[in-house]
Amino acid sequence: YEHEAVELTLGGNSEITGVLVSTIDGEKRIQANKGVALCCGGFENNDVMKSNYLRNPGRPIGTPYNTGNG
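What counts and how
- Residues numbered from 1 in each chain as written.
- Predicted model: local features only at pLDDT ≥ 70, side-chain atom pairs only at ≥ 80, totals over all residues.
- Heavy atoms only, no water.
- pLDDT = per-residue confidence, 0-100.
- Helix = DSSP H or I, 4+ residues; strand = E, 2+ residues; numbered from the N terminus.
- Pairing = 2+ DSSP bridges.

Notes on the confidence of the model for the protein
Here is step 1 of the chain: Taken as a whole, the protein shows an average pLDDT of 83; of its residues, 94% reach a score of 70 or greater.
Here is step 2 of the chain: When mean pLDDT is taken per element in the protein, strand β3 (residues 26-31) scores highest with 95 and helix α1 (residues 47-53) scores lowest with 83.

The structure is reproduced here in structure tokens:
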């Protein structure tokens, strides 16, 4: 929680080896052991993405933290 993915880190043969995240304490590199799973949630509270991707954006629903930023 409270970590935003900034960049995937790559190994010598372009495989994903970890991720650089932004935290409340600054950036942190996390090394992957067996892989990286991206769980980005929705974007129902991102006005720009709603107007681009939804036919009828309407009012916010779900958690106010779902802004589509990973």
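Past the structure itself, the notes keep going.
Some words on the pairing of strand β1 (residues 4-10)
Here is step 1 of the chain: Pairing of β1 with strand β2 (residues 16-23), which is carried by six bridges, proceeds in the antiparallel orientation. Looking across to β2, one finds that Leu8 is bridged to Val19.
Here is step 2 of the chain: Where β1 folds back onto β2 in an antiparallel hairpin, the turn is made up of five residues, including Ser14, whose phi is positive at roughly 65°.

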